[in-house]
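Structural overview for review
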Amino acid sequence: MSAEQNPTPPPSAPRRGVSAWWRALSILLLIVILLAWAAATSMTTQLQAQIEQLQARLIQVPQIRQVSVLLDAQGRPAMLATFNPQDRALTIQRLNEVKEGREDSMQVWAISGDQPPRSLGIIESRYKTLQLPVDEPALKEVTELGISAENKGGVPAGAGPSLPWLFKGWLVTKSI
């Protein structure tokens, strides 16, 4: 028998390279990784933008630092006073219908223990809510706020209240 008659297949050479399935799988995984990276980058950017927006809104929100509920002689709430150092204002909200007469003024006082009361200003508005300009140092070490009815225009500077307290309440400093 000749070699031509009985052809024996040549020994197959070992296959070199990677199968097509592994190539497709690696390309697919690479695409998934790139998409995940792009999504994570986008979410990080959006989160940073939201944080910046919330920080800007937080600056605009009043930061009430001190609060006082002033009570009348019967112990009922009559006035709510809040202090916002950003606005440098003491906001006073009437909780009852008591108003000063034509010849009277309501004067707001800062009370610090045994020291004489200091005037913070006169309530000149008949609206339910008003603001008195007050600097933060004026409320330092103040424990109570009081409101007295005085003659029109209030008492002279440096003098204390001439009439009894209409309303009085503790000034509470918030911890946050």
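Look above for the structure.
Residues numbered from 1 in each chain as written. Predicted model: local features only at pLDDT ≥ 70, side-chain atom pairs only at ≥ 80, totals over all residues. Heavy atoms only, no water.

**Things to note about the nonpolar core**
Counting 21 residues, the largest nonpolar core has Met79, Leu90, Ile92 and Leu145 as its most contacted members. Those elements that place two or more of their residues in this core are strand E2 (77-84), strand E3 (89-94), strand E4 (104-111), strand E5 (118-123), strand E6 (129-133), strand E7 (144-151) and strand E8 (165-173). Among the elements that line this core, the one with the most residues is E2, at 4 residues. With residues up to four places along the chain from it excluded, the contact list for methionine 79 reads Ser68, Val69, Leu70, Ile92, Gln93, Arg94, Leu95, Met106, Ile123, Ile147 and Phe167. (Core = buried A, V, L, I, M, F, W, Y, C linked by side-chain atoms within 4.5 Å. Buried < 20%, exposed > 50% of the residue type's maximum accessible area, 1.4 Å probe, protein only. Helix = DSSP H or I, 4+ residues; strand = E, 2+ residues; numbered from the N terminus. Contact = heavy atoms within 4.5 Å.)

**Comments concerning a positive patch on the surface**
The grouping of Lys99, Arg102, Arg126 and Lys152 at the surface amounts to a positive patch. The residue lysine 99 is located in the loop between E3 and E4 in this model. Relative accessible area serves as the criterion here: at 37%, lysine 99 is assigned to the partly exposed category. (Patch = residues over 30% accessible without salt bridge, like charges linked within 9 Å, V, L, I, M, F, W, Y side chains within 5 Å. Areas by Shrake-Rupley, 256 points an atom, 1.4 Å probe, with all protein chains shown as cover. Salt bridge = Lys/Arg side-chain N within 4 Å of Asp/Glu carboxyl O. Lys, Arg positive; Asp, Glu negative; His and termini not counted. Charge placed at Lys NZ, Arg CZ, Asp CG, Glu CD.)

**Overview of the side chain of aspartate 72**
Its location among the elements puts aspartate 72 in the loop between strand E1 (66-71) and E2. Engagement of the side chain of aspartate 72 in a polar contact is seen with the backbone nitrogen of arginine 76, the distance being 2.8 Å. Once residues within four sequence positions are removed from consideration, aspartate 72 is found in contact with Ala78, Leu166 and Phe167. (Polar contact = N/O pair within 3.5 Å; in protein donor to acceptor, adjacent residues only side chain to side chain.)

**Focus on the pairing of E2**
In terms of burial, E2 is a largely internal element, 6 of the 8 residues being buried. Joining the antiparallel neighbours E1 and E2 is a turn of 5 residues, in which glycine 75 adopts a positive phi near 85 degrees. Here E2 pairs with E3 via 6 bridges, running antiparallel. Note that in E3 the partner of phenylalanine 83 across the bridge is leucine 90. With antiparallel pairing between neighbouring strands as the criterion, E2 and E3 make up a hairpin whose turn holds 4 residues, including arginine 88 at a positive phi of roughly 50 degrees. (Pairing = 2+ DSSP bridges.)

**Section: the pattern of salt bridges**
A complete count under the given rule lists 3 salt bridges for this structure. Among the ionic pairs, arginine 88 bridges to aspartate 135, the shortest N-O distance being 2.5 Å. Highlighted residues: arginine 88 in the loop between E2 and E3 and aspartate 135 in the loop between E6 and E7, separated in sequence by 47 residues. For aspartate 135, a relative accessible area of 38% gives the class partly exposed.

**Side note on the sheet that holds E3**
Pairing between the strands of a sheet comes from backbone hydrogen bonds, and it takes one of two forms, parallel or antiparallel. Taking strand neighbours across the sheet as the criterion, the 8 strands line up as E5-E4-E7-E8-E1-E2-E3-E6 in an open arrangement whose pairing is antiparallel. The two strands at the open ends of the sheet, each matched to only one other strand, are E5 and E6. The average undirected angle you get between the axes of adjacent strands in this sheet is 25 degrees. Note: E4 against E5, 5 bridges, orientation antiparallel. (Axes fitted to C-alpha atoms, helices over the stretch in contact; angles between N-to-C directions.)

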